[in-house]
Amino acid sequence: MSARTINKLYEQTHAALNSQNPNLEAIGKQVSQLKVGVVKLAIQNSEIEADSSYQLLKRGVAELGAQLSIKVGDIAAFERYLAQLEPFYFGNRMGLNESDVMYPLIGLNLLRMLSDNLIADFHTMLERIDLEQLQNNPFIVHPVKLEQALMEGSYKKVWQARSDVPTPEYLFFMDILMSTIRNEVASCVEKSYTSLPFSDAKSVLFFSNMDELLKFAQDHQWIVSPAEKRITFRSDTDDAHVFQGENIMKQALSYAQELERIV
């Protein structure tokens, strides 16, 4: 493909990805064609790397790949694309202007690190971001506050942050993080209590509806009693007891805070 053809395909793919109902399978094929086309351009012309328009196209294709990876849930691919984008985002390659999706993608990468317990990498990345962006850019501020909440063991703040994401794409990694938190809290609570009312279990596990709670209970092989509206946990000890209070949230969080950091 010629440079003109590749640029035209890039524009079409970009528009398709940002449409209301994108065909992700078709877009994936187009992104693959673009990646091959960009490589071939460099093979055909060894001097093209010095061309800012080529570098702009190269960056754009990697950004399309990163955005598509989030939409299809391919974390490994997202990580690879962000590695390709680092020279553009932090090295100011060819003096290109900042991309419109630069900080949303960096923020997503920070969330990926948090969800995968890569705390050292998270802080290393923060050191490469301008202080002004750390303090004022909503795409960066969100994961920074999230990490602070995790450090404090304030899982309620983490749950609340889910409803305050700067872009819907952030929900992908937020859900992974919340899944980790739920499993840790569930492990703690089921070792501490014989059973809990539906309402308390729903609150402490940060579920927004009862169906989610019942599915979670089934996955953990808990005993569900619709008549009593109570969940009974599997217990390996004899010292568990039935908890009847209304402050289950505070109780369970106090146990969770005694754990080593969960992420």
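Per chain, the residues get numbers from 1 upward, laid out in the order the sequence is written. Only residues with pLDDT of 70 or above have their local features reported here, since the model is predicted, and side-chain atom pairs are shown and tallied only from 80 upward, although totals for entire chains, interfaces and linings are computed over all residues. Excluded from the side-chain calculations are hydrogens and water; all other atoms, namely the structure's heavy atoms, are used.

Undergrad: Honestly, the sheet that holds strand β3 (residues 230-232) in this entry has me stumped. Any pointers?
TA: Pairing between the strands of a sheet comes from backbone hydrogen bonds, and it takes one of two forms, parallel or antiparallel. DSSP bridges decide pairing: two strands pair if at least two such bridges lie between them. Strands are runs of DSSP state E lasting at least two residues, helices are runs of H or I lasting at least four, and both sets are numbered from the N terminus onward. The 3 strands lie next to each other as β1-β3-β2, forming an open sheet whose pairing is antiparallel. Of all the strands in the sheet, the pair left with one neighbour each is β1 (195-197) and β2 (223-225). Here the average twist between neighbouring strands, direction ignored, is 20°. Across 3 bridges, the pairing between β1 and β3 is antiparallel. What sits directly across from S195, in β3, is T232. Lines are fitted to the C-alpha atoms to define the axes, a helix being fitted only along its stretch in contact, and any angle between axes, read from their N-to-C directions, falls within 0 to 180 degrees.

Undergrad: Would you take a moment to explain the packing of helix α1 (residues 3-17) against helix α2 (residues 24-44) for this structure?
TA: Relative to each other, α1 and α2 sit at 150°, their axes nearing to 10 Å. Here α1 lies roughly antiparallel to α2, going by the angle between them. In this structure, α1 meets α2 at a crossing whose hand is left-handed. The segment α1 lies against α2, with A3, I6, L9, Y10, T13, A16 and L17 engaging L24, I27, Q30, V31, Q33, L34, G37, V38 and L41. Classifying every residue of the contact of α1 with α2 gives 12 nonpolar, 4 polar and no charged. By the definition adopted for this analysis, an angle is roughly parallel if under 35 degrees, roughly antiparallel if over 145, roughly perpendicular if from 65 to 115, and oblique otherwise. By definition, turning the near helix anticlockwise from the far helix through less than a right angle yields a left-handed crossing, and turning it clockwise yields a right-handed one. Residues count as neighbours in contact if any of their non-hydrogen atoms are within 4.5 Å of one another. Side-chain classes are defined by residue name, with Ala, Val, Leu, Ile, Met, Phe, Trp, Tyr, Cys and Pro counting as nonpolar, Asp, Glu, Lys and Arg as charged, and the others, Gly among them, as polar.

Undergrad: Teacher, can you tell me more about the confidence of the model for the protein here?
TA: The predicted model of the protein has a mean per-residue pLDDT of 88, with 89% of residues at 70 or higher. Confidence of the predictor at the level of single residues is given by pLDDT, which spans 0 to 100. Considering only residues more than four positions removed or in separate chains, one finds that residues 238-249, a stretch of pLDDT under 50, has 27 contacts. Confidence drops under pLDDT 50 across residues 259-263; counting only partners more than four residues distant or on other chains, this segment forms 14 contacts.

Undergrad: How should I be thinking about helix α12 (residues 210-219) in this particular structure?
TA: Given 3.6 residues per turn, any residue in an α-helix points the same way as the ones three and four places further on. Taken together, the buried positions of α12 are L213, F216 and A217. Burial along α12 is one-sided: seen end-on, the buried residues are contained in an arc of 100°. Seen from the open side of α12, the exposed residues pointing more than 90 degrees away from its buried face are D211 and Q218. Residues of α12 that are buried make contact with α10 (170-192), α11 (198-204), β2 and β3. Pairs of N or O atoms within 3.5 Å make up the polar contacts considered here, provided that, within protein, one atom can donate a hydrogen while the other can accept it, and that residues adjacent in sequence are counted only when both atoms are side-chain atoms. At the N-terminal end of α12, a side-chain oxygen is found 3.1 Å from the backbone nitrogen of D211, two or three residues along, and the residue is N209. The buried label applies to any residue whose accessible area, calculated with a 1.4 Å probe on protein chains only, is under 20% of its type's maximum; exposed applies above 50%, and partly exposed to all values in between. Directions drawn from the helix axis to the C-beta atoms are what define this arc.

Undergrad: Looking at this structure, how should I read the pattern of salt bridges?
TA: Side chains bearing opposite charge may pair, as long as their charged atoms lie close to each other. Salt bridges are counted wherever a side-chain nitrogen of Lys or Arg sits within 4 Å of a carboxyl oxygen of Asp or Glu. Evaluation of the coordinates by the stated rule reveals 7 salt bridges. Between K71 and E169 there is a salt bridge, and its shortest N-O distance comes to 3.6 Å. Placement of the pair is K71 in helix α3 (residues 52-72) and E169 in the loop between α9 (155-161) and α10, with a sequence separation of 98 residues. On the basis of relative accessible area, K71 is assigned to the partly exposed category, the value being 36%. Exposure remark for E169: the relative accessible area of 28% places this residue in the partly exposed category. The salt bridge partner of R112 is E79, with a shortest N-O separation of 3.6 Å. Of the two residues, R112 is situated in helix α5 (residues 102-115) and E79 in helix α4 (residues 75-90); the sequence distance between them amounts to 33 residues. Overall, the relative accessible area of 41% leaves E79 in the partly exposed class.

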